[in-house]
Number of protein chains: 2
Amino acid sequence: MNAEVIAVGSELLLGQIANTNGQYVSRRLAEAGISVYRHTVVGDNENRLREAAEEAGRRADIVIFSGGLGPTSDDLTRDALARELNRSLIIHPPSLEQIEAFMKDKGKTVSAANERQAYILEGADPFVNRAGLACGMAVTEGDTLYLLLPGPPHELKRMIDADVIPYLSAKGWAAGSIVSRELKFFGIGESALHDSLAVMIEEQKNPTAAPLASEGEVALRLTARGDSVLQAEQMLDGLESKLPPEMKKLIYGKNDVSLAAAAVERLKQTASTVAVAESLTGGGVLEALTSIPGASSVVKGGAVTYQTEAKQNNLEVSEEIIHKHGVISAACAEAMAENVRKMYGASFGIALTGVAGPTPQEGEPAGKFYIGVASADGTTSTQFMEPGSRERVRLMATKHACHQLLKV
Amino acid sequence: MNAEVIAVGSELLLGQIANTNGQYVSRRLAEAGISVYRHTVVGDNENRLREAAEEAGRRADIVIFSGGLGPTSDDLTRDALARELNRSLIIHPPSLEQIEAFMKDKGKTVSAANERQAYILEGADPFVNRAGLACGMAVTEGDTLYLLLPGPPHELKRMIDADVIPYLSAKGWAAGSIVSRELKFFGIGESALHDSLAVMIEEQKNPTAAPLASEGEVALRLTARGDSVLQAEQMLDGLESKLPPEMKKLIYGKNDVSLAAAAVERLKQTASTVAVAESLTGGGVLEALTSIPGASSVVKGGAVTYQTEAKQNNLEVSEEIIHKHGVISAACAEAMAENVRKMYGASFGIALTGVAGPTPQEGEPAGKFYIGVASADGTTSTQFMEPGSRERVRLMATKHACHQLLKV
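Chain A carries the name Putative competence-damage inducible protein in an unreviewed UniProt entry, which gives Salsuginibacillus halophilus as its organism. According to the UniProt record, the Sequence similarities (unreviewed entry) comment for chain A reads "Belongs to the CinA family."

Structural data, given as structure tokens:
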């Protein structure tokens, strides 16, 4: 089985956004054992869209479109493919009902533009959109399966995961032969990981191991191709068990688990709670922790004391600490952690203070920060230096704070 | 003049990375007045690469390749295009010298694999790589110009800016200028925007107007093609001035400005400060505001009172409000806004309370929330309903909170 992905949208050809949909579709198809041979991006132009559809249909078993299903007149994919395949468009009543309910909620009626999103090609299998309004669909013409998916990335992802992969499995096209597993590391860089596991990374053919770097973290992606998911999983287990113990220790989670999710899970397991006092991260740590469903049982809340006077007035950091050590100090981080723990009645208090940048503060460079951890057993703090942009400093400080929670 | 971009690399088709090179090339060509009609991604496979090259060569004036110029055996672009165009490969001495110098620095000699990077097609104009080793090039065959550029994004960007754009200008191909401007709206959906501006969107040819939806927001992208950047800008000004006043009112910013940035800017302009009390957003509003450089002068800080007891203990929301109205209420949002304003000594207090989901809370559905706004003039609140995933509810609540700050 081989596939091609056609992303539709002039904003892609103007360079305003990257084709992340092509990336996501490819990753999920690879996991399902389907090879993607080509990505194409075309603009909101019917002739060029049909030309791309016709070419891909000649070459591929599966042609996947993303985008161009929306309500506006430059959303052309549905109409263009209907004409290309000589099919009528028919209404899909459940999608229309969904659109009507959505509009009614907003006190509006359904316009003709909105209604377009409920049309499917005659003979198509519809995919109801669980994250938006435009109905997706699968249409078979000759030997080729055409899949029409919405362009907004969160809608596309949801439809791929909930509808497309199961649909391909049911047809026996996604024989579940390729399984991947990401082992997520914190506290080691990509090249150090590569050096430690060079033989595994370079010599393994099936399963394979490949390092993947993302901002401040590195993952090792293990991929096995087996006759069944079970067999592939067993191959991955075998490879994982060969990792040296010192590397295993740096793994904090697998696949989509984030540091924040791992931290929330650990708090749940130990029936603990946390309160957070933030300065340079400005709410980012609390935001990350509370983004995890179920965080409400373990996250008490916290204070964002962005200005020095807020640290004094709202977190009771003493005048003495501020004058003697400054706000960018271990003493300040520890006082913030202790006080937020007390104020919010939590098992742990975590506090961050430092310089996000881009300019230095109190003579301290951007990227320098302290994290304090307070518990019933006492208070400690650690100094960090993470150079980079303001965005990166804040992100790394947030990750380090979550990581501290894995160690308590 | 029209162009196509062919990115080469199996890692793109496996979904390991997104085609950001296609995005960058497109943006720079658009600025130079050259339309990009198609992006193609193919893997490290000579036949499929040549097929894509042949097709693009038939359609486009300029075919730009990124990737496949490196030293390894799966770097095929140079060889494949040489065969496709029936050209020999010849050494480019300055590139070879550069490679030799680089290897000497590392105490190594130049291998045959490394030497490949110094070969160019016979008759090509070379682009010495200023950020890496592989030589880029421009080859003209018939009416088509082929540009071969390296795949690593920092090398590609450097070569586009330093070599390709000047090369196209010298040929007189980068004349004319396309300028785009995004008008960012909040409080109107994509289809409503389309309906209000249908004539402008559907009938304008130059400049054009196109709606772009992203999570919870919609933008109108205006694009003009003029003889110069100045002329194109004037065309955009003209189109923008034709927007009806009721639509202009919904514009909160242009291009890369976010709601949070617009809110911080407004606070600066009015010399005001803000403190935020968050519940369902868990720190997201403070995080968004403090992500803007310079936020420290206007954001005092705030409290994240994720649990009910924190609202009572740390924000002094009264027992009476909690028992009579519940925490998901206008009264609670108003009390939180007033108290956080007082506690942090800010001009404005903003507070959010509601249900992020996925499950209902206190009998209230996911997506329902209140935003309270307190100032010296008094306190008000607004009830919102934003259905969707937990992630979307939190994002929309954050955006609405920033939007409230634009109205104070």
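Trainee: Could you clarify how one ought to interpret the interface of chain A and chain B in this entry?
Mentor: With 68 residues of chain A at the contact, the number on the chain B side is 69 residues. Interface area, chain A with chain B, both sides summed: about 5500 Å², of which 49% is carbon and sulfur. Looking at the side of chain A facing chain B, the largest losses of area belong to L13, L14 and R38 of chain A, adding up to 10% of the total buried there. Summed over the shared surface of chain A and chain B, the number is ten salt bridges. When the shortest N-O distance is used, the salt bridge between R59 of chain A and E51 of chain B registers 3.6 Å. Our count for the chain A to chain B interface comes out at 43 residue pairs in polar contact (both at pLDDT 80 or more). Along the lines of polarity and charge, the residues of the side of chain A that touches chain B split into 26 nonpolar, 28 polar and 14 charged.

Trainee: Where do I start with unusual backbone geometry in this structure?
Mentor: Peptide bonds are trans in most cases, and residues, glycine excluded, mostly fall at negative phi. For the bond running from G357 of chain A to P358 of chain A, omega is 5°, close enough to zero to count as cis. Looking at the secondary structure, you find P358 of chain A in the loop between β15 (348–354) and β16 (368–375). Despite not being glycine, N255 of chain B shows a phi value in the positive range, around 55°. Of note, N255 of chain B is situated in the loop between β12 (251–254) and α12 (259–269). You can call N255 of chain B partly exposed: its relative accessible area is 37%. A positive phi angle, close to 50°, is found at A271 of chain B, a residue other than glycine. Along the chain, A271 of chain B turns up in the loop between α12 and β13 (274–278). Overall, the relative accessible area of 69% leaves A271 of chain B in the exposed class.

Trainee: Honestly, the UniProt feature "domain: MoaB/Mog" (unreviewed entry) in chain A in this entry has me stumped. Any pointers?
Mentor: Mapped onto the present numbering, the UniProt feature "domain: MoaB/Mog" (unreviewed entry) falls on residues 4–171 of chain A. Across residues 4–171 of chain A one finds 43% helix and 23% strand; the C-alpha atoms that close the span lie 18 Å apart.

Trainee: What should I look at first to understand the packing of aromatic side chains in this one?
Mentor: For any two aromatic rings, the description comes down to two numbers: the centre-to-centre distance and the angle of the planes. Residue and element names in this part refer to chain A. All told, the structure shown has four aromatic pairs over all chains when counted by the stated rule. Measuring from centroid to centroid gives 5.5 Å for F127 and Y167, while their planes differ by 85°, and the two rings are edge-to-face. Taken together, the positions of F127 in strand β6 (residues 125–127) and Y167 in helix α7 (residues 153–170) put the pair 40 residues apart, joining distant regions of the chain. Seen in terms of ring centroids, F369 and F384 are 5.2 Å apart; in terms of plane orientation they differ by 20°. Their pairing is stacked. A residue pair is termed long-range when its members are at least 10 positions apart, and F369 in strand β16 and F384 in strand β17 (residues 378–385) qualify at 15 residues. When its relative accessible area of 13% is taken as the criterion, F384 is described as buried.

The rules behind the values
Residue numbers run consecutively from 1 along every chain, following the written order of its sequence. Here the convention is simple: chains get letters from A, ligands get numbers from 1, in the order in which they are written. Since the coordinates come from a predicted model, pLDDT governs what is reported: local features require at least 70, and pairs of side-chain atoms require 80 or more to be given and counted, while whole-chain, interface and lining totals use all residues. The side-chain values count all of the structure's non-hydrogen atoms but skip hydrogen atoms and water molecules. UniProt positions are given in the numbering used here, feature names are shortened, and annotations may be inferred rather than shown by experiment. The criterion used for residue contact is that any of the two residues' heavy atoms lie within 4.5 Å. Once two parts are put together, the accessible area they lose, assessed with a 1.4 Å probe and summed over both, is termed the buried area. The working definition used for a salt bridge is a side-chain nitrogen of Lys or Arg within 4 Å of a carboxyl oxygen of Asp or Glu. Any pair of N or O atoms that falls within 3.5 Å is considered a polar contact. Within protein, one atom must be able to donate a hydrogen and the other to accept it, and sequence-neighbouring residues count only if both atoms are side-chain atoms. The nonpolar class holds Ala, Val, Leu, Ile, Met, Phe, Trp, Tyr, Cys and Pro. Asp, Glu, Lys and Arg form the charged class, and all remaining residues, Gly among them, are polar. Helix numbers and strand numbers start at the N terminus; a helix is a DSSP run of H or I with at least 4 residues, a strand a run of E with at least 2. When accessible area is computed with a 1.4 Å probe and restricted to protein chains, residues below 20% of their type maximum are described as buried, those above 50% as exposed, and intermediate ones as partly exposed. In this analysis, rings of Phe, Tyr and Trp, with Trp reduced to its six-membered ring, are considered paired at centre separations within 6.5 Å, and the interplanar angle assigns stacked below 30 degrees, edge-to-face beyond 60, and tilted for intermediate values.

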